[in-house]
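Here is what each chain is made of, one letter per residue.
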Amino acid sequence: MKIPASVRNAFDDQKAKYDRLKTQVDTTVAGFKRARWHYESRVKALQSYALKLESGRFRDPQALEDFFACTLVVANLAEIEEAEQFVRQAFQFQERRPSAPGYTHKRPDQFPFDDLRLYVAVPVDPAVPAKGIEGVRFEFQLKTFLQHAWSIATHDLVYKTDDVNWSKERIAYQTKAMLEHAEVSIQEAEKLAGSGALAKEDRQTKSLKRAIGLLREQWASDQLPADVRRLAENLLALTTSLKLDLDRVKAILDAGKAASGAHPTNLSPYATVVQYLLSAEQAAMVAYLEADPGHGRQPTAILIPAEVDVPAGIDRTKWKNAVAVG
């Protein structure tokens, strides 16, 4: 596309400044963003700059609010507010679009672009030499991963295309409507889970809840992993392999704790259960550990760390279904 020299010169006059702004903002965001959040930024290209000016929506060629723009992507809607506070603290706030969390310009039967945009600037810091970028307005978008995924997946259907296709745009916005519904469902999962249509349990869920309850009853929270569900799944896999129910496991844990006043402090909860079972259910444990897998599905192996006290008389050399560590 042919771009008039005056427009090209206006672009060139600003690009170095916005390149410096990008470097500064990228560094600042890296200092506060969570590891799981995604961040990206860009300085507008010449052709995009020219098309923006030709739209007639911007009066000052030297002050496009998105000459530099960046995006911070967070897990879900619940984290948008937290991210907004980080941005407001790190930069000089100027404007918010939409103007308030509870306001939108879109009609209820429409699904246009409406992601949160903050317009901010690098503040003046008397302790740091000026870089010529202080007070320069730029756009800071905040999105969820679902919103960001939609933008990427449908970008060429809606924006920057050399053709217009009603059907393709319809598909893009139908998808946006579905993703918005998914966002709402994720944010309100706790409330929705209590509805009559969803308040149900299957056998596996009930077993997992019982196993989690047992673990929390036997160990303090700081003795359990952050992912208690995974530990409960491992416990159930172990007890199912041995054909033991959780009532029997609870009785064994209670007895072991009563015998010494506390569960072993050098073992994980899983390893503690294994140690108790090697004594309380020795025959079942030995039979399982020594079982020949045969031609069927290989049995789940039992992790036995070196710290586990193995009763005398058990021959480790015969174990076929154990993972021995140490």
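Cut-offs used in this document
Residues numbered from 1 in each chain as written. Predicted model: local features only at pLDDT ≥ 70, side-chain atom pairs only at ≥ 80, totals over all residues. Heavy atoms only, no water. Buried < 20%, exposed > 50% of the residue type's maximum accessible area, 1.4 Å probe, protein only. Helix = DSSP H or I, 4+ residues; strand = E, 2+ residues; numbered from the N terminus. Pairing = 2+ DSSP bridges. Core = buried A, V, L, I, M, F, W, Y, C linked by side-chain atoms within 4.5 Å. Contact = heavy atoms within 4.5 Å. Salt bridge = Lys/Arg side-chain N within 4 Å of Asp/Glu carboxyl O. Axes fitted to C-alpha atoms, helices over the stretch in contact; angles between N-to-C directions. Expected span 1.5 Å × (residues − 1). Arc of directions from axis to C-beta. Polar contact = N/O pair within 3.5 Å; in protein donor to acceptor, adjacent residues only side chain to side chain.

Chemist: I tried to follow the pairing of strand β2 (residues 68-74) on my own but got confused; where do I start?
Modeler: Look at any regular strand and the pattern is simple: side chains alternate between the two faces of the sheet. Burial within β2 is extensive, with seven of its seven residues counted as buried. The two faces of β2 match: Phe68, Cys70, Leu72 and Val74 on one face and Ala69, Thr71 and Val73 on the other face are all buried. Where β2 lies against strand β5 (residues 138-144), six bridges are found, and the strand directions are parallel. Across the sheet, residue Leu72 finds its bridge partner in β5, namely Leu142.

Chemist: Help me out: how do you make sense of the nonpolar core in this one?
Modeler: Across soluble globular proteins, nonpolar side chains have a tendency to be buried as a group. Among the nonpolar cores identified, the biggest contains 37 residues, and Leu215, Leu238, Val274, Leu277, Leu278 and Ile302 are the most heavily contacted of them. When contributions to this core are tallied by element, the ones reaching two or more residues are α7 (203-218), α8 (228-241), α9 (246-260), α10 (269-280), α11 (282-290) and β6 (302-305). In terms of residues, this core owes the most to one element, α10, which gives seven residues. Other than its neighbours up to four places away in sequence, Leu238 contacts Tyr270, Val273, Val274, Leu277 and Ile302.

Chemist: For this particular structure, what's the right way to read the pattern of salt bridges?
Modeler: Pairing is possible between side chains that carry opposite charge, provided their charged atoms lie close to one another. Going through the model one piece at a time under the given rule, you end up with 19 salt bridges. In this structure, the salt-bridge partner of Asp66 is Arg42, at a minimum N-O distance of 3.8 Å. With Asp66 in the loop between α2 (46-54) and β2 and Arg42 in strand β1 (residues 38-43), this pair connects stretches of sequence that are 24 residues apart. Notably, a salt bridge pairs Arg97 with Glu65, separated by 2.9 Å at the nearest N-O pair. With Arg97 in strand β3 (residues 92-97) and Glu65 in the loop between α2 and β2, this pair connects stretches of sequence that are 32 residues apart. For Glu65, a relative accessible area of 13% puts it in the buried group. Taken together, the shared-partner salt bridges in this structure form one network comprising Arg42, Lys44, Lys52 and Asp66.

Chemist: I'm lost on the sheet that holds β2 in this one. Help?
Modeler: Within a beta sheet, neighbouring strands are joined by backbone hydrogen bonds and run either parallel or antiparallel to one another. Pairing within the open sheet is mixed, and its five strands lie in the order β1-β2-β5-β4-β3. Since the sheet does not close on itself, it has two edges, and those belong to β1 and β3, each with one partner. The sheet shows a mean angle of 20° between the axes of neighbouring strands, taken without regard to direction. Against the sheet, helix α3 (residues 80-90) touches β2, β3, β4 (116-121) and β5, its axis set at about 160° to β5.

Chemist: Would you mind going over α7 with me for this structure?
Modeler: Residues spaced three or four apart along an α-helix point in a common direction, a consequence of the helix completing one turn every 3.6 residues. The terminal C-alpha atoms of α7, which comprises 16 residues, lie 23 Å apart, in line with the 22 Å expected from a rise of 1.5 Å per residue. Of the positions making up α7, those classed as buried are Leu208, Ala211, Ile212, Leu214, Leu215 and Gln218. Buried residues along α7 cover an arc of 160° about the axis, so they all sit on one side. Pointing more than 90 degrees away from the buried face of α7 are the exposed residues Lys209 and Arg216.

Chemist: Can you help me understand the environment of Phe93 in this one?
Modeler: In this structure, Phe93 sits in strand β3. Considering only alpha carbons, one finds Phe93 and Ala237, 144 residues apart in sequence, at a separation of 53 Å. Among residues more than four places away in sequence, those in contact with Phe93 are Arg88, Leu118, Tyr119 and Val120.

Chemist: In this structure, what is going on with unusual backbone geometry? I would like to understand it.
Modeler: Among all residues save glycine, negative phi is the norm, and among peptide bonds the norm is trans. A cis amide bond links Arg97 to the next residue, Pro98, at an omega of -5°. Note on placement: Pro98 falls in the loop between β3 and β4. Unlike most non-glycine residues, Lys243 shows phi in positive territory, near 60°. Among the secondary structure elements, Lys243 is positioned in the loop between α8 and α9. By relative accessible area, Lys243 is classed as exposed at 76%.

Chemist: Quick question: what am I supposed to make of the side chain of Asn321 here?
Modeler: Residue placement: Asn321 occurs in the loop between β6 and β7 (322-325). One polar contact links the side chain of Asn321 to the main-chain carbonyl oxygen of Tyr288, over a distance of 2.7 Å. Once residues lying within four places of it in the same chain are set aside, the contact partners of Asn321 are Tyr288, Leu289, Ala291, Pro293, Pro299, Thr300, Ala301 and Ile302.

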